[in-house]
Amino acid sequence: MPIKLGELAAQFDCELVGDPDITIDNVAGLHNAGGASLSFLSNPKFRKQLAATSAAAVVLRAEDAADSPTASLISDNPYADYAKMAAVIHPPPRYAPGIAASAVIAATAEISPSAHVAANVSIGDRSTIGDNVYVGPGSVIGPDCKVADDCRLVASVTLVRDVTLGMRGILHPGAVIGSDGFGNAMTPEGWVKVPQLGGVRIGNDVEIGANTTVDCGAIEDTVIEDGVRIDNLCHIGHNVHIGAHTAVAGMSGISGSAIVGKRCMLAGQSGIVGHIRVCDDVVVGGKAVISKDITEPGVYAGTFTAEPVREWNRKVARFRRLEQLIERVNKLEKAGD
Amino acid sequence: MPIKLGELAAQFDCELVGDPDITIDNVAGLHNAGGASLSFLSNPKFRKQLAATSAAAVVLRAEDAADSPTASLISDNPYADYAKMAAVIHPPPRYAPGIAASAVIAATAEISPSAHVAANVSIGDRSTIGDNVYVGPGSVIGPDCKVADDCRLVASVTLVRDVTLGMRGILHPGAVIGSDGFGNAMTPEGWVKVPQLGGVRIGNDVEIGANTTVDCGAIEDTVIEDGVRIDNLCHIGHNVHIGAHTAVAGMSGISGSAIVGKRCMLAGQSGIVGHIRVCDDVVVGGKAVISKDITEPGVYAGTFTAEPVREWNRKVARFRRLEQLIERVNKLEKAGD
Amino acid sequence: MPIKLGELAAQFDCELVGDPDITIDNVAGLHNAGGASLSFLSNPKFRKQLAATSAAAVVLRAEDAADSPTASLISDNPYADYAKMAAVIHPPPRYAPGIAASAVIAATAEISPSAHVAANVSIGDRSTIGDNVYVGPGSVIGPDCKVADDCRLVASVTLVRDVTLGMRGILHPGAVIGSDGFGNAMTPEGWVKVPQLGGVRIGNDVEIGANTTVDCGAIEDTVIEDGVRIDNLCHIGHNVHIGAHTAVAGMSGISGSAIVGKRCMLAGQSGIVGHIRVCDDVVVGGKAVISKDITEPGVYAGTFTAEPVREWNRKVARFRRLEQLIERVNKLEKAGD
């Protein structure tokens, strides 16, 4: 949607250095922006691209404005302001209200007249779909689910049962919410399945990535608070509780009954062991395993990064022979006595 | 389904300490149980919650009965007996037999009259669906599959082709069974796909988690024996063989042609390298990598757990400088000669 | 499809040692091949099975032909030639052209008359489906996608929007292509979603595994070049660029904006950190984390493999006490001065 620079500046409360009548109709990177493009500079690493940009305007910090060859929108948080402006310039597609002929809706389900239910969707008993919700093609919503206003289930999403989704939630394709937790009791005859009877309660403004799974609680609910962001292919076990505004990057797993605080950030392929508690404002490094309660905010890590295999193998060999080295030092100490 | 304590005790052969006429109509945790709730005490960690519980009855070990403020069901395995009782009190939903109008069934498929085939399912040529099977909405069953009696495909499950599923199997949403294995032969012109021609044979009482994938065999079948439990987002490669009653926790991967014994337990995010053999009764720690045959039962591990990043980085730096330390000890030893 | 040995030899330019009139009608492993089976010997590990095989013919290297008890097809690359022959003997199923009655096709979509669109598929606005394409049951193709000739979307595949798929691509069930990247900007009020506006461009002859996700670019496209092979449950972040003929094994993740060269091989559960660059011809070990640019071809590793937990724990304890050992060596050195 084309918009004038002056309007963008006013709407997002940025100082404009440049002509307010310039029309923006797309966003682009600094290096390939065109004459009607909005771009941004947030990471100083890209500062050298600024001088050469052909963008119509750039969202940037005050200290970078002098280097801008084009109009500038001054912001304390250029990335966030760019994100908000981009959503205005490229608004998500709008869908006409209505239920596709191929969708199968239980008689006791309630669908808002402003919702769009796409092709080949099924919606189960007693489930409710709020205003302006988009239920994308191929999605399955089981019984007793509540999808609040303005949610977007992109496509092929499955809510198994007893899932409550707050407002403005975004669920990406293949996400499965409310699947049974991994509850098994050992007996001499083999595993006995422990019935998984709880639901999943998800707050407002939560986004869940493609092919991520969130299990229902065993007895009580699995809980994801407001503003949480979960990337693709993550696993959230039964009875997990994730605090508000925590972000979980791709392929991370949180095992059953773990409690993760607010504003945490879990990097990719990380893991949190079951039944532990992580306080607010914790950053977990890529591939790290959190195996004990964390009570102090901060950054936690536990991974070796890769190096040429010969050097790595030599280091591993030395590590495996540390015992001998310790014994040699013991002997030297004794000899020195 | 409400049931009297006396009936529960009789059905599961537990000694009852308390009034057999009390009616139970739900299960709950010790800390939030109500007057008609059944709870359980298995992990001693929760013993302190027992004294304060408002549950109608608690399943527990004989040695804990004296501390119970309410009726007790005495069990040698309280968790397993609780699980069995919970399945009686909260039986899984029953579905009327029949095939949804929106389901698409190949002319040569055979569906038991007692099976329920839900909305938007498709079932391919020559596939057979046994008695009391539930095929949940959005599931795809390709050609030449056999789903034995009492299986439950919760929703959005895909059986690609040539998949045999034993009795009472439970497949969670997004599970893909029978996808092609990763077989590629290198040539100077690039990879050549190796046709994946085998199927998947799954025993009785197997449960497979949400978004888990089980590849078909390259020539022969991939095999999962009776009673195996696989959690969410696991990857089982082509020609893998998993022994009976093995449990595989979330995000674990078993590479092609690996053979895993009976009653093994793989913790989350673990990995088993291709073509190796793991004997019965092996426990693999979280995120561990098994790269060689294991011939002795026991617990195997290989992971560093996370710690504050500064301390971790110092440890890594020392590890990287081990060579220098070894040289210094060499010199000291020489000096001492 | 039955075929004579002589025809196979001619078609794939292999020297035949044996009777060209023998008919082959299946492929099998050396150990369980029958009188009409073609088998192969590539890995020397299986050489001992050759002498006892009942196969009608074996594809093998010249140096192994003397040990063959049956007809031999001599090849410099027995695995690749076997793969090509297997595709002739067991051709993939053919589907009659046409669109299933239960498929839902947007008015502006263009479907080649030779394509097969299976049950419960939906195809969005302006998308085009090329000649001989197979769109398997339950697949969702969103708007503005191009699926080139001879692609096979096995089943339950989701192309979100703006996905271009080159010729002969194979997408396995549960694969999600074009999902939003994980773009979030922090503000004092929580995360702001960064609109993900790019698409995904995939070259010719690419295969993508079950439940793998490939995110769209943030502004420009995510790019996967010709001949790339991606296994199950992999995560390809936004704006990633994967060079031609690179192979990515199961459960590996490539974070946003990483650039991976041509002919690389990533072993299972490996990870590549965002924004880095990996040159051509790099091999990444299982579970390794690549956190810095790689500019030299070669093998890179960074993983400890599992061992009995007691021994591992002792090694970890020694590692954690390295500082003390260093201090003891310092003291010994001082004492020796």
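Caption draft 1: Region of the structure containing the overall build of chain A. Along the backbone of chain A there are 5 helices and 40 strands. Here the C-alpha radius of gyration of chain A, 26 Å, is well above what a compact globule of 337 residues would show, namely 20 Å. Dimensions along the principal axes, computed over C-alpha positions, put chain A at roughly 85 × 65 × 35 Å. Expressed as a percentage of contacts within chain A between residues at least 6 apart in sequence, the contacts between residues at least 24 apart total 19%.

Caption draft 2: Spatial organisation of the interface of chain C and chain A. With 54 residues of chain C in contact, the opposing surface of chain A contributes 60 residues. Breaking the side of chain C that touches chain A down by element, the ones donating at least two residues are β21 (176-179), β22 (184-187), β23 (190-193), β38 (289-290), β39 (298-301), α4 (309-320) and α5 (322-336) of chain C. A total of 5 residues in the side of chain C that touches chain A trace back to one element, the largest contributor, which is α5 of chain C. Here the residues of the side of chain C that touches chain A are counted per class, giving 27 nonpolar, 21 polar and 6 charged.

Caption draft 3: The environment of Gln 11 of chain A, seen in detail. Residue and element names in this part refer to chain A. Looking at the secondary structure, you find Gln 11 in helix α1 (residues 5-11). The exposure class of Gln 11 is exposed, given the 12 C-beta atoms found within 10 Å. In sequence terms Gln 11 and Met 85 are 74 residues apart; their C-alpha atoms lie 8.9 Å from each other.

Caption draft 4: Representation of the sheet that holds strand β18 (residues 158-159) of chain C in the model. The 10 strands are arranged β9-β12-β15-β18-β21-β26-β29-β32-β35-β38 (chain C) in an open sheet whose pairing can be described as parallel. For this open sheet the edge positions go to β9 (104-105) and β38 of chain C, each flanked by a neighbour on one side alone.

Caption draft 5: Here's a closer look at the sheet that holds strand β19 (residues 163-165) of chain A. Spatially, 9 strands are ordered β10-β13-β16-β19-β24-β27-β30-β33-β36 (chain A) in an open sheet, and the strand pairing comes out parallel. The open sheet terminates on both sides in strands that have one partner only, identified here as β10 (110-111) and β36 (277-278) of chain A.

Caption draft 6: Representation of the relation of the copies chain B and chain A in the model. Each copy superposes on the other: chain B lies on chain A with an RMSD of 0.1 Å after a rotation of 120° and an axial shift of 0.0 Å. As the rotation angle and translation indicate, the two copies are arranged about a three-fold axis. Interface overlap between copies: only 15% of the residues of chain B at the interface are likewise at the interface in chain A, consistent with a contact formed by different surfaces.

Caption draft 7: View of the confidence of the model for chain A. In this model, chain A carries an average pLDDT of 97, and 100% of its residues clear a pLDDT of 70 or more. The ipTM assigned to the predicted complex is 0.97, against a pTM of 0.97.

Caption draft 8: A look at helix α3 (residues 78-89) of chain C. A rise of 1.5 Å per residue sets the reference length of α3 of chain C, with its 12 residues, at 16 Å; its end C-alpha atoms lie 16 Å apart and thus fit the reference within 8%. Taken residue by residue, α3 of chain C has Pro 78, Ala 80, Asp 81, Tyr 82, Ala 83, Lys 84, Met 85 and Ala 86 of chain C as its buried positions.

Caption draft 9: Molecular detail of the pairing of strand β22 (residues 184-187) of chain A. All names here are of chain A. Across 4 bridges, β22 lies against strand β23 (residues 190-193) in antiparallel orientation. Bridge pairing links Ala 185 to Val 192 in β23. A loop of 2 residues connects β22 with β23, the two strands running antiparallel in sequence.

Caption draft 10: Structural view of the relation of the copies chain C and chain A. Of the transformation superimposing chain C on chain A, the axial component is 0.0 Å and the angular component is 120°, with the fit at an RMSD of 0.0 Å. In this assembly the copies use different faces: only 17% of the residues contributing to the interface of chain C also contribute to that of chain A.

Caption draft 11: Local environment of the environment of Ala 148 of chain C. Residues and elements named next belong to chain C. Within the fold, Ala 148 resides in the loop between β16 (146-147) and β17 (152-153). According to the C-beta neighbour criterion, Ala 148 is partly exposed, with 19 such atoms within 10 Å. In this structure the C-alpha to C-alpha distance between Ala 148 and Gly 166, which are 18 residues apart in sequence, comes to 5.2 Å. Those residues within four positions of Ala 148 in sequence are excluded, and the remaining contacts are Gly 130, Leu 165, Gly 166 and Met 167.

Caption draft 12: The interface of chain B and chain A, seen in detail. Taken together, the contacts link 60 residues of chain B with 55 residues of chain A. Put simply, the parts of the chain that give the side of chain B that touches chain A at least two residues each are α3 (78-89), β40 (307-308), α4 (309-320) and α5 (322-336) of chain B. In terms of residue count, α5 of chain B provides more of the side of chain B that touches chain A than any other element does, 7 residues in total. Looking at the side of chain B that touches chain A, its residues break down into 29 nonpolar, 21 polar and 10 charged.

Caption draft 13: Seen up close, the packing of helix α4 (residues 309-320) of chain A against α5 of chain B. The N-to-C vectors of α4 of chain A and α5 of chain B enclose an angle of 50°; their axes lie 10 Å apart at closest approach. The pairing of α4 of chain A with α5 of chain B is recorded here as oblique in orientation. In this structure, the crossing between α4 of chain A and α5 of chain B has a hand that is left-handed. Touching Lys 315, Arg 318 and Phe 319 of chain A of α4 of chain A are Leu 322, Glu 323 and Ile 326 of chain B, all from α5 of chain B.

Caption draft 14: Representation of the packing of α5 of chain B against α5 of chain C. At a minimum axis separation of 11 Å, α5 of chain B and α5 of chain C run at an interaxial angle of 35°. Judged by the twist between their axes, the crossing of α5 of chain B over α5 of chain C is left-handed. Contacts between α5 of chain B and α5 of chain C involve Leu 325, Arg 328, Val 329, Leu 332 and Ala 335 of chain B from the first element and Ile 326, Val 329, Leu 332, Glu 333 and Gly 336 of chain C from the second.

Caption draft 15: Seen up close, the nonpolar core. Val 135 and Ile 290 of chain A, Val 135 and Ile 290 of chain B together with Val 135 and Ile 290 of chain C are the most contacted members of the largest nonpolar core, which has 313 residues in total. With 6 residues, helix α3 (residues 78-89) of chain A is the largest single contributor of residues to this core. Not counting the four nearest positions on each side in its chain, Val 135 of chain C is found in contact with Ala 115, His 116, Val 117, Ala 118, Val 121, Ile 129, Ile 141 and Leu 153 of chain C. Among the nonpolar cores identified, the runner-up in size contains 6 residues, and Val 329 and Leu 332 of chain A together with Val 329 and Leu 332 of chain B belong to it.

Caption draft 16: Here's a closer look at unusual backbone geometry. Positive phi outside glycine occurs at His 245 of chain B, with the angle close to 65°. By the secondary structure assignment, His 245 of chain B is in the loop between β30 (241-242) and β31 (247-248). Its identity is not glycine, yet Asp 150 of chain C carries a phi of approximately 65°, on the positive side. For Asp 150 of chain C, the position within the fold is in the loop between β16 and β17. By C-beta crowding, Asp 150 of chain C is classed as partly exposed, having 19 other C-beta atoms within 10 Å.

Caption draft 17: Representation of the pairing of strand β7 (residues 71-74) of chain C within the structure. All names here are of chain C. Alternating residues of β7 divide into Ala 71 and Leu 73 and Ser 72 and Ile 74, and every residue in both groups is buried. Pairing of strand β2 (residues 15-17) with β7, which is carried by 3 bridges, proceeds in the antiparallel orientation. Among the inter-strand pairings, Glu 15 is bridged to a residue of β7, identified as Ile 74.

Caption draft 18: Representation of the domain arrangement of chain A. One can read the domain layout of chain A as domain 1 (3-89), domain 2 (98-300) and domain 3 (306-337). Spacing between the C-alpha centres of domain 2 of chain A and domain 3 of chain A amounts to 47 Å.

Caption draft 19: Highlighting the environment of Val 228 of chain B. Residue and element names in this part refer to chain B. With respect to the element layout, Val 228 can be found in the loop between β27 (222-224) and β28 (229-230). A residue is classified by how many C-beta atoms lie within 10 Å of it, and Val 228, with 28 of them, is buried. Val 228 sits 30 residues away from Ala 258 along the chain, and the two C-alpha atoms are 16 Å apart.

Conventions adopted
Residues numbered from 1 in each chain as written. Chains lettered and ligands numbered in written order. Predicted model: local features only at pLDDT ≥ 70, side-chain atom pairs only at ≥ 80, totals over all residues. Helix = DSSP H or I, 4+ residues; strand = E, 2+ residues; numbered from the N terminus. Rg over C-alpha atoms; globule rule 2.2 N^0.38 Å. Contact = placed C-beta atoms within 7 Å. Nonpolar A, V, L, I, M, F, W, Y, C, P; charged D, E, K, R; others polar. Buried ≥ 20, exposed ≤ 12 C-beta atoms within 10 Å, placed from the backbone. Pairing = 2+ DSSP bridges. Least-squares fit on C-alpha atoms with pLDDT ≥ 70 in both. pLDDT = per-residue confidence, 0-100. Expected span 1.5 Å × (residues − 1). Axes fitted to C-alpha atoms, helices over the stretch in contact; angles between N-to-C directions. Parallel < 35°, antiparallel > 145°, perpendicular 65-115°, else oblique. Left-handed = near helix turned anticlockwise from the far one by under 90°. Core = buried A, V, L, I, M, F, W, Y, C linked by C-beta atoms within 7 Å. Domains from an automatic or database assignment.

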